[in-house]
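Close look at the chain arrangement
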Amino acid sequence: MKARMKKIQEKSFLDIIEMLGAISGIAGSYCLATSGTGHELEALGWALFLVANLSWIVSAIYRRVVPLLIMNLFYMGSSIIGVLKVSNVI
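Remember, predicted model here, so these are calculated numbers, not experimental data.

Points about helix α3 (residues 66-86)
Counted at 1.5 Å a residue, the expected span for α3 with its 21 residues is 30 Å, and the 30 Å between its end C-alpha atoms agrees. Within α3 the residues assigned to the buried category are Asn-72, Met-76, Ser-79, Gly-82 and Val-86. The buried residues of α3 occupy an angular sector of 120° when the element is viewed end-on, so they sit on one face. In α3, those exposed residues whose orientation departs by more than 90 degrees from the buried face are Val-66, Pro-67, Phe-74 and Lys-85.

Structure follows, in structure tokens:
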């Protein structure tokens, strides 16, 4: 019974994490697509992509899906570059 409850809790946790990843990824891409010359939306877009990347990395680790993990580690690198560029760090 306890093992079943733990499995249900893990599934609920992953459902929330994956929904967060999907929503923040969609919102991030929308912000970047519509930012034009406004840096506020661009900065928000990259920050949302970081949230999406982290969410999918957590999901990939829990589910042991190596290709998803590798892809999102690289995506996270590009998101970090985007944040640094918008912040005028690089």
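Comments concerning the pattern of salt bridges
In total, this model carries one salt bridge according to the counting rule given. With a closest N to O distance of 2.6 Å, Arg-63 and Glu-18 form a salt bridge. One end of the pair, Arg-63, is in helix α2 (residues 39-63); the other, Glu-18, is in helix α1 (residues 2-34), and 45 residues separate them in sequence. Under the relative-accessibility criterion, Arg-63 is labelled partly exposed at 42%.

Side note on the packing of α2 against α3
The contact between α2 and α3 brings their axes to 9 Å, and the two run at 160°. Relative to α3, the element α2 lies roughly antiparallel. Seen from above, α2 lies across α3 with left-handed handedness.

A short note on unusual backbone geometry
Residues apart from glycine generally show negative phi values, whereas peptide bonds are mostly found in trans. Unusually for a residue other than glycine, Arg-64 sits at a positive phi of about 60°. Relative to the assigned elements, Arg-64 resides in the loop between α2 and α3. Phi at Asn-88 takes a positive value of approximately 60°, unusual for a residue other than glycine. With respect to the helices, strands and loops of the structure, Asn-88 is situated in the segment after α3.

Considering a nonpolar patch on the surface
On the surface, a cluster of nonpolar side chains totalling about 420 Å² of accessible area is made up of Val-66, Ile-70, Leu-73 and Phe-74. Position of Leu-73 among the secondary structure elements: in helix α3. On the accessibility criterion, Leu-73 (45% relative accessible area) is partly exposed.

Calculation notes
- Residues numbered from 1 in each chain as written.
- Predicted model: local features only at pLDDT ≥ 70, side-chain atom pairs only at ≥ 80, totals over all residues.
- Heavy atoms only, no water.
- Helix = DSSP H or I, 4+ residues; strand = E, 2+ residues; numbered from the N terminus.
- Expected span 1.5 Å × (residues − 1).
- Buried < 20%, exposed > 50% of the residue type's maximum accessible area, 1.4 Å probe, protein only.
- Arc of directions from axis to C-beta.
- Salt bridge = Lys/Arg side-chain N within 4 Å of Asp/Glu carboxyl O.
- Axes fitted to C-alpha atoms, helices over the stretch in contact; angles between N-to-C directions.
- Parallel < 35°, antiparallel > 145°, perpendicular 65-115°, else oblique.
- Left-handed = near helix turned anticlockwise from the far one by under 90°.
- Patch = residues over 30% accessible without salt bridge, like charges linked within 9 Å, V, L, I, M, F, W, Y side chains within 5 Å.
- Areas by Shrake-Rupley, 256 points an atom, 1.4 Å probe, with all protein chains shown as cover.

These figures come from the coordinates and say nothing about function on their own.
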